[in-house]
Each structure stands twice: as structure tokens, then as C-alpha cells.
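Coordinates in review
Here is what each chain is made of, one letter per residue.
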Amino acid sequence: MNELYEMHIISYGERQYAHKIAEILDPDKRYFGHRILSRDELFSAMYKTGNMKALFPCGDQLIAIIDDRPDVWQYSDALIQVKPYRFFKEIGDINAPAITNVQEQSLVQERIAQVNVEGDGDETLEYVATVLTRIHTAFYAHYDKNTKDRVQDVVHYKLRGTDFYTKIRPYARTFLRRMNELYEMHIISYGERQYAHKIAEILDPDKRYFGHRILSRDELFSAMYKTGNMKALFPCGDQLIAIIDDRPDVWQYSDALIQVKPYRFFKEIGDINAPAITNVQEQSLVQERIAQVNVEGDGDETLEYVATVLTRIHTAFYAHYDKNTKDRVQVSTASYFYALWPVLHL
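It should be emphasised that the depicted structure is a prediction, and the values quoted were computed from it without experimental measurement.

Digging into the overall build of the chain
The helix and strand inventory of the chain stands at 9 helices and 15 strands. Looking at the chain residue by residue over its 346 residues, the buried ones come to 37%. The contacts in the chain between residues at least 6 apart in sequence include a share of 71% that link residues at least 24 apart. As presented, the chain carries roughly 22,100 Å² of accessible surface, and 51% of it is formed by carbon and sulfur atoms.

Okay, structure coming up:
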């Protein structure tokens, strides 16, 4: 399953117990990593569903749950219910949450057909592995049929064993080629390092546009704002930069920002790398300023417009520079001029 899914442990066992079982099953942390929630981290003493929004802020439509207790998941449609594994018949589940409601208790007992197993005759996980493999295959077959075949520039790749699909915004490659002649370009992303560098590799395989000028969340000084790194990047000042982003708040509403509409191709999935907005008033302001667009196919012309704006900015800057500098100084062979090239941030 590690080849198909990102796996988590969510247990009503105490923290020490949950981590010990994870260590036994996964001593090298290849399967679960640190994705372990115990009763000490769960928001509810009765239901595991309370943590879903925190774990999956963009939605839990693409999860599969394996458990023998349907009630703790509030009978979720995502649950694949399995029979409990009762090897030590005289001992119950010491970590199971109590059922206080008599009617609920009766329903749970009715829905859980308990099996007592001796030795290694239990084949439950073989069956579950087959089901999960079929789900994975069916999902991506449906995805391929309904998405990949009808659009261009949908890129598939794997990070830490998990499948990702990214739709490249229309005109992106032409945009980068044109702007590379005018600007020095940087990527500043709240994606983790591996993700940010993978996207850069897809857009710029030869490192002609960005080189190694890539900052991810692992390098950013702030979890809320990208502006904190500006002084380190440009110690002589950031007056000659242009910023392209759909989130004005992370740039503290900088005058250098050219705000664009978000590109929402996969409408059911939000921005997995977006920093959280904790202030309610700030959240309202951001939502008001961001006019979200849902795009299907290749009808989005945002980058063509931005390319035109950036070209005009570049032309106007150097026209002003030529008029106010070159005409009023004499250039000799001993003179040195330093071209201050504007910098574009994506």
C-alpha cells in the first residue's frame, strides 16, 4: 500500500503505545513517517472524524479508512470496515473508546461481526489490499479518461511514493521564455522543498529560467509572509522587483505585486501549499480581494496579460533610465555602468 497511498495511523491508544506499535510495524519510518495521531492528539474522545479537517484542509474526498469500529468514524462512506483481530480471546480492545449510548452500543455490536482467530489463518488484510488496489486503479483510470486525455500539460509525478498531478497554466512556457529575456526570475513558494524543486524541474528542466533561485517553505523565514526574505535576497533594496502572486496577504499587500487570479483546474482540490489565515478579518479581506476563477481546458489568458504588463513595465523603466541618465553623463573608457535588472518573482 505504501506504493499507492500516503498512510496515517489514527489510534485511541495513548501516545507511547501508538508510537511503539508504529515502530514495530515500520522501524525505518518508510510507511508512516511521523503521521501518527494518538488519543493525546485527537480532538474528540468519541470520534476520530474531528481531526479530518486539520489533517486534510483541502477536503477528505480522496481518503480510504480501515477500521473495525464504524461508529468512531460516524459511519463514513470512506470506511472499509474490517473484522476485529481477536488473537488473545480473553482480552478485549484496551484502547477502544467507550460507548455510552445503549442504542449506539447495540448498533455497533450488530454491525461488527467479531472473529476469533488462532494462528495465522486470518486473511482480512489480503482482502483489504485487493480492495484498496482496485480503488486506486479505478480512480486513476477514471481520472485518465476524463482529464488527461482531454487537456494538455497535465504532468504526473511521484513525491515520497505519492502520485501527484499538476496542470500547467496555459501560456506558461511561452511566458517564461519571453520574461527570461527581460527579467531575472525567482520562485518563492510555500510548497515544501521537494515539491518546489519538482515544479521548477517541470517548468525549467535545463535551469535556464530559474537556475537555483528557488525558495520553499523550508527556507522562508516566516510561515505567514514571504516578505521576510526580501532583505536577504536583495540587500541593496527591493525597489526594482515585480511580484506575481494570487495571494496579496503573503506579500503584505506590496505595491510591487501584480495580483493574478488563482488557476483552479482541479476544482475539488484547493491549494495544498497555501499558508493558513488565522485572523478572521484578514481572511475576509483576502477572500474579497481574490476573485477566484474555475478554468477548464486552455481558456485561461492570465499569463498573456501579465506578460504584456511586465513588458510595458520593463520598456517604461529603461526609457526613463535612458532619458534621465544616459543623456546627461559622458561615457568614457574609464566609466563603469551597472545594469540594474528588475527581478520577477513567481
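Brief notes about the pattern of salt bridges
Where side chains of opposite charge bring their charged atoms close, a pairing between them can arise. Under the defined criterion, the tally for this structure stands at 13 salt bridges. Close ionic contact of lysine 226 with aspartate 245 constitutes a salt bridge, the shortest N to O distance being 3.1 Å. With lysine 226 in the loop between β10 (214–215) and α7 (230–233) and aspartate 245 in strand β11 (residues 241–245), the pair connects residues that are 19 residues apart, well separated along the chain. The burial state of lysine 226 is the same as that of aspartate 245; both residues are buried. Across the pair aspartate 249 and arginine 247 runs a salt bridge, and its minimum N-O distance is 2.7 Å. Accessibility classification places aspartate 249 together with arginine 247 in one group, the buried group. One salt-bridge network, in which partners are shared between bridges, spans Glu6, Arg160 and Glu192.

Here we look at the nonpolar core
One finds Tyr157, Phe175, Leu176, Met179, Met185 and Leu310 to be the most contacted residues of the largest nonpolar core, which totals 30 residues. Considering every element that reaches this core, the biggest residue donor is helix α6 (residues 193–203), with 6 residues.

With respect to the packing of aromatic side chains
A full pass over the atoms with the stated rule returns 2 aromatic pairs. For the ring pair tyrosine 157 and phenylalanine 164, a centre distance of 5.8 Å and an interplane angle of 5° mean the geometry is stacked. Here tyrosine 157 and phenylalanine 164 have matching classes, each one buried. Centre to centre, the rings of phenylalanine 317 and tyrosine 318 are 4.7 Å apart; their planes meet at 90°, and the pair counts as edge-to-face.

What about a nonpolar patch on the surface?
Where nonpolar side chains cluster on the molecular surface, the patch consists of Tyr17, Ile21, Ile24 and Leu25 and spans about 380 Å² of accessible area. By the element assignment, tyrosine 17 lies in helix α1 (residues 15–25).

Points about unusual backbone geometry
Positive phi values are uncommon outside glycine, yet tyrosine 75 reaches one of about 55°. Tracing the backbone through its elements, the reader meets tyrosine 75 in the loop between β3 (65–67) and β4 (79–81). Of the residues examined, tyrosine 75 reaches a relative accessible area of 25% and is grouped as partly exposed. Unlike most non-glycine residues, tyrosine 171 shows phi in positive territory, near 75°. Of note, tyrosine 171 is situated in the loop between β8 (162–167) and α5 (172–180).

Focus on the confidence of the model for the chain
The share of residues in the chain with pLDDT of 70 or more is 72%, and the mean pLDDT across the chain is 79. Note on residues 113–117: pLDDT under 50 across the span, and 14 contacts to partners over four residues away in sequence or across chains. The low-confidence segment residues 330–342, where pLDDT is below 50, has 15 contacts with residues more than four positions distant or belonging to other chains.

Regarding the side chain of histidine 136
Mapped onto the elements, histidine 136 comes out in helix α4 (residues 124–146). What histidine 136 contacts, discounting residues up to four positions off in sequence, is Leu4, Tyr5 and Asp163.

A word on helix α9 (residues 302–324)
Between its first and last C-alpha atoms α9 spans 33 Å; for 23 residues at 1.5 Å apiece the expected length is 33 Å, and the two agree. Of the positions making up α9, those classed as buried are Thr302, Leu303, Val306, Ala307, Leu310, His314 and Tyr318.

How each quantity is defined
Residues numbered from 1 in each chain as written. Predicted model: local features only at pLDDT ≥ 70, side-chain atom pairs only at ≥ 80, totals over all residues. Heavy atoms only, no water. Helix = DSSP H or I, 4+ residues; strand = E, 2+ residues; numbered from the N terminus. Buried < 20%, exposed > 50% of the residue type's maximum accessible area, 1.4 Å probe, protein only. Contact = heavy atoms within 4.5 Å. Areas by Shrake-Rupley, 256 points an atom, 1.4 Å probe, with all protein chains shown as cover. Salt bridge = Lys/Arg side-chain N within 4 Å of Asp/Glu carboxyl O. Core = buried A, V, L, I, M, F, W, Y, C linked by side-chain atoms within 4.5 Å. Phe/Tyr/Trp six-rings, centres within 6.5 Å; stacked < 30°, edge-to-face > 60°. Patch = residues over 30% accessible without salt bridge, like charges linked within 9 Å, V, L, I, M, F, W, Y side chains within 5 Å. pLDDT = per-residue confidence, 0-100. Expected span 1.5 Å × (residues − 1).

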